[in-house]
Amino acid sequence: MKEELLSRIQNREIVAGVVGLGYVGLPLAVEKAKAGFKTIGFDVQSGKVEMVNKGHNYIGDVVDSDLADLVEQGMLRATTDFSFVKDVDFIAICVPTPLDIHQEPDISYVKDSAIAVSKYLKPGTMVVLESTTYPGTTEELIKPILEKGSGLQCGRDFYLGFSPERVDPGNRIYKTKNTPKVIGACSPDGTEVIAAMYRAVLDGEVCTVSSPAVAEMEKILENTYRNVNIGLINEIARLCNKMGISVWEVIDAAKTKPYGFQPFYPGPGLGGHCIPLDPYYLTWKAREYGFHTTLIENSMVINDSQPEYCVDRVMHLLNQHKKTLNGAKILMLGIAYKNDIDDYRESPAIRVMKELKKVGADVEYYDPWVSEFRNMYGQSGKSIEALTPETIASYDLVMVTAGHHNVDYKMVQKYAKAVFDTKNVMIHVKNRENIEVL
């Protein structure tokens, strides 16, 4: 089986499948098709399937013309019918792994996908989980489901592995194509063929590890590392504010050291799918072993409370202008979780908006990337249409919550009564009399 698959990979005879056509799955499907592998995308949302089949792109990291050309050439198509799994030789599961209302892992999408795949899994297929999850998911959850549903044996009849997604929406340098990939499979042969498949598609280095659990833990480490360091800098920022010191100047000075220091920056909180969520997966799994991840949990407490801290700063700033937070008109600049993208998953700006409204503020937002939003927690909103001098002047305070580069911050400063800049994007604005920085 191994030698046959390696030969078919080399000859581009493999048909690839991708379950989940979101920020991870669609770019991966496009790259596989561009590499010469006929690709089928699977998704339960018929709207996404229809858009793909019409060649209409909805993901920022995918080039519109690439998708349209691949669909027209017959190299890429999408479906809601999982029976077509029987036609693929490689399948990557790229579905969401959110937290539930109790901040515990919700792996229902992964489980449902594995069940759907298992019904049509044929001998000689490579299955790879890319969704970020807790260590042990591939072997403890996915493997039994696939074996039971298909009647096949992992390692003998099909290969199973884990390769964590590494997607940074809006990154202009690293995309799916050139980002290094980590792979851990349930057997040495599985590792070899799955690695060969990714090497045939990607330009980035493909690194293999000894097991799926190592690859799963590696992904959690990546984002927990960032979570902990962002928690550190958010705490330092709070202390610097009390001491009358600019944390931004401190960071700029510290990063002149060419070794031993990596700059992280404070903000209104953490956003995106991975960094705010992954540590919860690790701490949840650690409890199974009676282990308490004290440092990690402390950083999560700091980061999770950052929106409330920002609201407290807004209250004090309004007080300086003899204005109460209750009833104040506030304009937030940016609802996306980071600059220059349309992704608002787990955006701290939405948390800030919720907390401001909770204490009676009249809040609106402007975001040239996100005209409207609706999240899984029932929150929604629409951006004001335009940012004009008259509009800016009508608010008691303008709060910068995303550092989009297509916003005229000089105009904002000129006409705003007060500005709270949580991203330090107005650093180059000369007149700073009405600006307070996080």
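Quick caveat: nothing in here was measured; it's all calculated off a predicted structure.

Thresholds, definitions, all that
- Residues numbered from 1 in each chain as written.
- Predicted model: local features only at pLDDT ≥ 70, side-chain atom pairs only at ≥ 80, totals over all residues.
- Heavy atoms only, no water.
- Helix = DSSP H or I, 4+ residues; strand = E, 2+ residues; numbered from the N terminus.
- Rg over C-alpha atoms; globule rule 2.2 N^0.38 Å.
- Buried < 20%, exposed > 50% of the residue type's maximum accessible area, 1.4 Å probe, protein only.
- Contact = heavy atoms within 4.5 Å.
- Areas by Shrake-Rupley, 256 points an atom, 1.4 Å probe, with all protein chains shown as cover.
- Phe/Tyr/Trp six-rings, centres within 6.5 Å; stacked < 30°, edge-to-face > 60°.
- Salt bridge = Lys/Arg side-chain N within 4 Å of Asp/Glu carboxyl O.
- Pairing = 2+ DSSP bridges.
- Axes fitted to C-alpha atoms, helices over the stretch in contact; angles between N-to-C directions.
- Core = buried A, V, L, I, M, F, W, Y, C linked by side-chain atoms within 4.5 Å.
- Left-handed = near helix turned anticlockwise from the far one by under 90°.
- 1 Å grid on protein atoms, 1.4 Å probe; cavity = no way out; pocket = protein on both sides within 12 Å on 5 of 7 lines; lining within 4 Å.
- Points joined across faces, edges and corners; volume = space filled by probe spheres on them.
- Nonpolar A, V, L, I, M, F, W, Y, C, P; charged D, E, K, R; others polar.
- Patch = residues over 30% accessible without salt bridge, like charges linked within 9 Å, V, L, I, M, F, W, Y side chains within 5 Å.

Caption draft 1: Spotlight on the overall build of the protein. Within the protein, the regular secondary structure consists of 15 helices and 15 strands. A compact globule built from 438 residues would reach a C-alpha radius of gyration of about 22 Å, and the protein, at 24 Å, matches this within 12%. Its C-alpha atoms put the protein at 75 × 50 × 40 Å along the principal axes. Of all 438 residues assigned to the protein, the portion counted as buried reaches 53%. By sequence separation, contacts in the protein at least 24 residues apart represent 69% of the contacts at least 6 residues apart. Of the accessible surface of the protein, which amounts to about 20000 Å², a share of 52% is contributed by carbon and sulfur atoms.

Caption draft 2: Representation of the environment of Gly334 in the model. By the secondary structure assignment, Gly334 is in the loop between β9 (329–333) and α13 (348–358). Sequence separation of Gly334 and Tyr365 is 31 residues, and the distance between their C-alpha atoms is 6.7 Å. With residues near it in sequence (within four places) discarded, Gly334 still touches Ala349, Tyr366, Asp367, Thr401, Ala402 and His404.

Caption draft 3: Local environment of the packing of aromatic side chains. Scanning the model with the defined rule gives 7 aromatic pairs in all. Ring plane angle 15 degrees and centroid distance 6.2 Å describe the contact between Trp248 and Tyr265, whose orientation is recorded as stacked. Here Trp248, found in helix α9 (residues 247–254), pairs with Tyr265, found in the loop between α9 and α10 (278–287); they are 17 residues apart in sequence, far enough to count as distant. Note on Tyr265: relative accessible area 36%, which makes it partly exposed.

Caption draft 4: Spatial organisation of the pattern of salt bridges. All told, the structure shown has 24 salt bridges when counted by the stated rule. Among the salt bridges present, the one from Lys255 reaches Asp252, with a minimum N-O distance of 3.5 Å. The exposure class of Lys255 is partly exposed, given its relative accessible area of 39%. Looking at Asp252, the relative accessible area reads 36%, which means it is partly exposed. Each of Lys2, Glu3, Asp189 and Glu192 takes part in a single network of salt bridges with overlapping partners.

Caption draft 5: Summary view of the sheet that holds strand β5 (residues 126–129). Read from one edge to the other, the open sheet built from 8 strands follows the order β3-β2-β1-β4-β5-β6-β7-β8, with strand pairing classed as mixed. The two strands at the open ends of the sheet, each matched to only one other strand, are β3 (76–79) and β8 (206–209). Neighbour to neighbour, the strand axes of the sheet diverge by 25 degrees on average, direction disregarded. Alignment of strand β4 (residues 90–93) against β5, held across 4 bridges, turns out to be parallel. Residue Phe90 lies in a different strand from β5, and its bridge partner there is Met126.

Caption draft 6: Local environment of the sheet that holds strand β14 (residues 419–421). One open sheet holds the 5 strands; their spatial order is β10-β9-β13-β14-β15, and the pairing between them is parallel. A single partner strand is all that each edge strand has here, and the edge strands are β10 (362–366) and β15 (435–437). The mean inter-strand angle of the sheet, taken between neighbouring strand axes irrespective of direction, is 20 degrees. By the bridge criterion, 5 bridges tie β9 to β10 in an arrangement that is parallel. Residue pairing across strands places Ile330 opposite Val363, the latter belonging to β10.

Caption draft 7: Focus on the nonpolar core. Within the largest apolar cluster, 43 residues are counted, with the highest numbers of intra-cluster contacts made by Phe90, Met126 and Tyr198. In terms of residue count, helix α7 (residues 188–199) provides more of this core than any other element does, 6 residues in total. Among residues more than four places away in sequence, those in contact with Phe90 are Ile14, Val15, Ala16, Gly17, Lys32, Thr125, Met126, Val128, Met197 and Tyr198. If you look at the next biggest cluster of nonpolar residues, it comprises 37 residues, including Val19, Val110, Ile142 and Met300.

Caption draft 8: Region of interest: the packing of α10 against helix α11 (residues 294–304). Following both chains from N to C, one finds α10 and α11 inclined at 145 degrees, their axes separated by 10 Å at the closest point. Two packed elements cross with a definite hand, and for α10 against α11 that hand is left-handed. Residues Pro279, Tyr280, Leu282 and Thr283 of α10 form the contact with α11, whose participating residues are Ile296, Glu297, Met300 and Asp304.

Caption draft 9: Local environment of the layout of surface pockets. Counted as a void, the second largest pocket has a volume near 190 Å³. Around the second largest pocket, the lining comprises 15 residues; the ones closest to its centre are Glu31, Asp61, Val62, Lys175 and Thr176. Here the lining of the second largest pocket gets 4 residues from one element, more than from any other, and that element is helix α2 (residues 25–34). A class-by-class count of the residues in the lining of the second largest pocket yields 6 nonpolar, 1 polar and 8 charged.

Caption draft 10: Structural detail: helix α5 (residues 108–118). All of the buried residues along α5 are Val110, Ser113, Ala114, Ala116, Val117 and Ser118. Against β1 (16–19), β4, β5 and α6 (137–150) lie the buried residues of α5.

Caption draft 11: Looking closely at a nonpolar patch on the surface. A surface patch of nonpolar side chains, about 350 Å² in accessible area, is lined by Leu239, Met243, Ile245 and Val250. On the accessibility criterion, Ile245 (40% relative accessible area) is partly exposed.

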